[in-house]
Amino acid sequence: MTFVWTAVLFAQKKQPQVPPQKQLSPTEKQWCPVIESSLAGTADLQPVMRSLVLDMIAGSLKKCDPPAVRRVLIDAFLNTLAIPDTEEGLKQQSRAHTGFDQRMRVSLANLEAKRTLQTDSLTHLLAEDERKAESLLPQAEPGVRTELLYQMISKAVAAKKLDQALNLLEQSPPEGFPYGEATNLMLELPPADEAEKQEIFGWAMAADHERHSLVVGGDDFGSMIVRFWEHLAPAVVLQAISQVLDGAQSSKSGISLGSGSNRGSFNSEYQYRVFEFLPILRELDSDQADRLLHDSPEAQAQLKDFPNGIQSLNPAIRDTPLRAGEEASTEGMVGMGNIAPMLQQAKITEAYESRIAEIVRVAESNPKQAIEMASGLPSSADMLAPRAEALLKIAGVAKTRNPLAARDALEGMSESLRNVEPTGQSGPRDYWAEGIDIAIKVREIDLAKKLLKEGMSQVDKLKSKDTDSDDPNLAFKAWWPSTAMLSGLIMAASRISSQTALDATQEASDPEVRLLCQVRLANRQLGARIGRSVVMMNRKQSTWGEYGTVEE
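Once a new chain begins, its residue numbering starts again from 1 and follows that chain's sequence as written. Only residues with pLDDT of 70 or above have their local features reported here, since the model is predicted, and side-chain atom pairs are shown and tallied only from 80 upward, although totals for entire chains, interfaces and linings are computed over all residues. Values shown for side chains rest on all heavy atoms present in the structure; no hydrogens or waters enter the calculation.

**Q** Describe empty space enclosed by the protein, and please don't skip the residues or the numbers.
**A** A cavity, in this analysis, means grid points on a 1 Å lattice covering only the protein atoms where a 1.4 Å probe fits yet has no way out; a pocket is instead an open set bounded by protein on both sides within 12 Å along at least five of seven lines, and a residue lines either one if it has an atom within 4 Å of a point. Grid points are joined across faces, edges and corners, and a volume is the space filled by probe spheres set on the points. Taken as a whole and judged by the stated rule, the model has two cavities of 30 Å³ or more. Estimated volume of the largest cavity: approximately 70 Å³. What lines the largest cavity is simply Leu-417, Val-420, Glu-421, Pro-422, Thr-423, Gly-424, Pro-428, Arg-429, Trp-432, Gln-458, Leu-462 and Met-485. The greatest single-element share of the lining of the largest cavity, amounting to three residues, is contributed by helix α22 (residues 428-441). Throughout, the ten residues Ala, Val, Leu, Ile, Met, Phe, Trp, Tyr, Cys and Pro are labelled nonpolar, Asp, Glu, Lys and Arg are labelled charged, and all others, Gly among them, are labelled polar. Along the lines of polarity and charge, the residues of the lining of the largest cavity split into seven nonpolar, three polar and two charged. If you add up the space inside the second largest cavity, you get close to 40 Å³. Every residue lining the second largest cavity is listed: Leu-122, Leu-126, Ala-133, Glu-134, Leu-137, Leu-148 and Met-152. Residue composition of the lining of the second largest cavity, grouped by class: six nonpolar, no polar and one charged. Going along the chain from the N terminus, every DSSP run of H or I of four or more residues is numbered as a helix, and every run of E of two or more is numbered as a strand.

**Q** Outline the nonpolar core, supporting the account with residue identities and numerical values.
**A** Counting 97 residues, the largest nonpolar core has Met-413 and Ile-436 as the members making the most contacts within it. Looking at this core element by element, the count peaks at nine residues for helix α3 (residues 47-64). For this analysis, residues touch if any pair of their heavy atoms sits within 4.5 Å. With sequence-adjacent residues up to four places away left out, Met-413 is seen in contact with Ala-388, Leu-391, Leu-392, Tyr-431, Gly-435 and Leu-451. Among the nonpolar cores identified, the runner-up in size contains 55 residues, and Phe-177, Val-237, Leu-303 and Phe-306 belong to it. Put simply, buried Ala, Val, Leu, Ile, Met, Phe, Trp, Tyr and Cys residues joined by side-chain atoms within 4.5 Å make one nonpolar core. Partly exposed residues are those whose accessible area sits between 20% and 50% of the maximum for their type, while under 20% is buried and over 50% is exposed, using a 1.4 Å probe and protein chains only.

**Q** With reference to specific residues and values, describe the packing of aromatic side chains.
**A** Whether two aromatic rings pair depends on their centres lying within 6.5 Å, for rings of Phe, Tyr and Trp, where Trp uses its six-membered ring; planes under 30 degrees apart make the pair stacked, over 60 edge-to-face, and the rest tilted. All chains considered together, the criterion is met by six aromatic pairs. Centre to centre, the rings of Phe-266 and Phe-275 are 5.1 Å apart; their planes meet at 45 degrees, and the pair counts as tilted. This pair shows no difference in class: Phe-266 is buried, exactly as Phe-275 is. Here a set of aromatic residues connected by ring pairs shows up, and it is made of Phe-266, Tyr-272, Phe-275 and Phe-306.

**Q** So what about unusual backbone geometry? Which residues, and what values?
**A** One non-glycine residue with positive phi stands out, namely Lys-160, at about 65 degrees. Judged by its relative accessible area of 54%, Lys-160 is exposed. A positive phi angle, close to 65 degrees, is found at Arg-443, a residue other than glycine. Mapped onto the elements, Arg-443 comes out in the loop between α22 and α23 (445-466).

Have a look at this one:
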């Protein structure tokens, strides 16, 4: 009898300890089951959509089922390996074909999705299990491996682990050197570390020699020269400038940067580089500066208005860290050959923005008058919807002090958008969702529902363009303009009620898009990360992309 009792006690001791079950909040009790059913539903998705949805689900699992997060993120990455297109394969296609045909367009679209999904899943896995993420990294595309390395450098710089950042930077491949991350590291290094700054500059110079770099409005090797030339030997600076100028000779890209009247424009990269470097050359080699200026009439003309070159357009491009409120990047445009049409469109946009800003100022004291002024704007102007934009902004200004005026402005916006052909680009695509938010804030629920219904009809119009059999959108379906607009409307509808949003989700005829929107909605309700905002058009007649910030 004693033996039996001892055996029972021993068996009880050997039983695994079950961790206490997490207590769910009321919101989690409502939405965690949605995430669980969605996870089961991913089995029916194609690999590319399955990877995206799994990565999104992992965000909510942090609240609903934390132990499952790691497994789901690994699954999200492994599903990307089923996408057959690779960077090496695209290079082979480029060598074998002279034209940019549909086959190459499809491969490029698939590869763009693959790289983005691999980057996202590995980035999130890195935070959960760094060792596992690093073990999967060799299976990722080369560009993804480089991107993850950049992230690790940025993370180290932000944490002031400068030695670690320096070691990681040394591992960067020359063909994808992270000029921005290198610049940030040099800005953070203390004055005593001049040798390290010179070493980083040498790595950047070698990378630019291997593959010429051009980033208009951001950091490239040219901007590193402008920032740090005083920390280097004059001979090194002159050699670096000569290298960049030589690399610019073959580029026929027109360049414009700045904003409004404070803008420099050039018909070639070479002219832009002369403008960029001439203030330095005046200090180091006045004879060369005079020769270059004589042979570069565009740069000469721009330097009259902006004598310090790029630093006249943005003084934040210097060798010290940014101060609060400063922005290092500069608005830039690049186009092949003559960029006059792009500049003309920019001027038109700026003119409307200026007029709308004036109307909004009036709205602060007299919204009724502002609404009348907005009615004088056109419903559409190329890709713009000036009247709707003005009315939406009037509603935003008036919502607190004059809810009735805000309602009238939203009604006017709704009417004006009926005459606007949906373009899919941000602006008209987002007005409906923003209008719903304002209508709810002024307690006009019926108006919010009306805007939702009208917005959904616009989704159908956009989808007909995305699925046009003669010229379909070859981009990843989750990034179609119609998907982006549908998702935005559903997020806005959730502020009316959860049921309204779920009903709107069910209106998606595509089951993959429906599940995607369902997960996105659940993530929003659970306070989980939403993910990055990507919208793409890849058609024969129109190719563009919009990359928004990562929505946490």
